[in-house]
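Chains, contacts and geometry: an overview
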Amino acid sequence: MNTKMIMSFLEGVAANNNREWFEEHKDEYQAARASFEKGIDKAIEAIGTFDPSIAHLRGKDCVFRFYRDVRFSKDKSPYKRHFGAYISAHGRKSLHGGYYLHIQPGRCLLSGGAYWLPTNILTAVRNEIMGNTDEWIRSVENGQFVKFFGYVNEGKWSEESMSTKGFGIEFLKKAPKDFPNDYEYLRYLKMKDYCVWHSVPDDFFEGNDWLPKMVKLFKVVKPMMDFTNNVIDDYE
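Report on the accompanying structure. (Residues numbered from 1 in each chain as written. Predicted model: local features only at pLDDT ≥ 70, side-chain atom pairs only at ≥ 80, totals over all residues. Heavy atoms only, no water.)

Some thoughts on the packing of helix α6 (residues 133-140) against helix α9 (residues 210-232)
Relative to each other, α6 and α9 sit at 145°, their axes nearing to 8 Å. Handedness of the α6/α9 crossing: left-handed. In this structure, α6 uses E135, W136, S139 and V140 to contact α9, whose residues at the interface are P223, M224, F227 and T228. (Axes fitted to C-alpha atoms, helices over the stretch in contact; angles between N-to-C directions. Helix = DSSP H or I, 4+ residues; strand = E, 2+ residues; numbered from the N terminus. Left-handed = near helix turned anticlockwise from the far one by under 90°. Contact = heavy atoms within 4.5 Å.)

Take a look at the structure:
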């Protein structure tokens, strides 16, 4: 993956986020996207060594579109400022948890888990956590998990800024409806998503050394993701 080329293009987009500039630099976009897709092909191959459920995927099917949906956004910039890919066994648009890679100047990261779950699935995951608390705690409070992602609600994520690591993006202020307020691990029931992230430097994806580093991190995510996916898959 030619990260220097990708970063150069993304810096250009950030400074000139308009259709005129983009059309003049469309060849650069296509080259940067092709390079990113090749990098995701390598990521899929590496992840497949410990999670064969995603081995059938191809990079081009995992990379998100670069054009922004501006219909409900105050920011009318037509293009994203990053390249992102979601590697999920059930596809990029599924609720099934997966692995996410994000390249953006100053905000590169690796992430994993399940996002934007509807209420009925969140309720089912919460019930599963209460029914199998010991298994859940082993997957999210072990030393490696905390090292890479911290404790739940410790990190902060927003469009403007984010912490270097985190577990969970949005949370309820109190116990979900029909769940006990005195549950020892109520913090996990308040979660509205079950995802983690870990920031990496801008040069992280250069060469091939990043692949084993990525594998090490994603292996730590997998037990938590398997736990939630076992529930999610009943609804998909």
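Continuing now.
Some words on the pairing of strand β2 (residues 98-103)
Judged by how many residues are buried, β2 sits mostly within the fold: six of six residues are covered. Pairing analysis gives five bridges linking strand β1 (residues 83-87) to β2, with the strands arranged antiparallel. Bridge pairing links Y86 to Y100 in β2. Judged from the five bridges that link them, β2 and strand β3 (residues 109-114) form a sheet pairing that is antiparallel. Looking at β3, one finds that G98 is bridged to G113. Between β2 and β3, which follow one another and run antiparallel, lie five residues, and G106 among them has a positive phi close to 80°. (Buried < 20%, exposed > 50% of the residue type's maximum accessible area, 1.4 Å probe, protein only. Pairing = 2+ DSSP bridges.)

A closer look at the side chain of H102
Among the structural elements, H102 can be located in strand β2. Among residues more than four places away in sequence, those in contact with H102 are H82, F83, G84, R107, C108, L109 and F205.

A short note on the nonpolar core
Here is a general trend for soluble globular proteins: nonpolar side chains tend to be buried in one another's company. I87 and M214 are the most contacted members of the largest nonpolar core, which has 73 residues in total. If we ignore the near neighbours within four places in the chain, the residues touching I87 are I40, A43, I44, I47, I54, L57, C62, G98, Y99 and L101. Counting residues in hydrophobic clusters, the runner-up holds six residues, among them Y86, L109, Y115 and C195. (Core = buried A, V, L, I, M, F, W, Y, C linked by side-chain atoms within 4.5 Å.)

That's the geometry; what it means functionally is another story.
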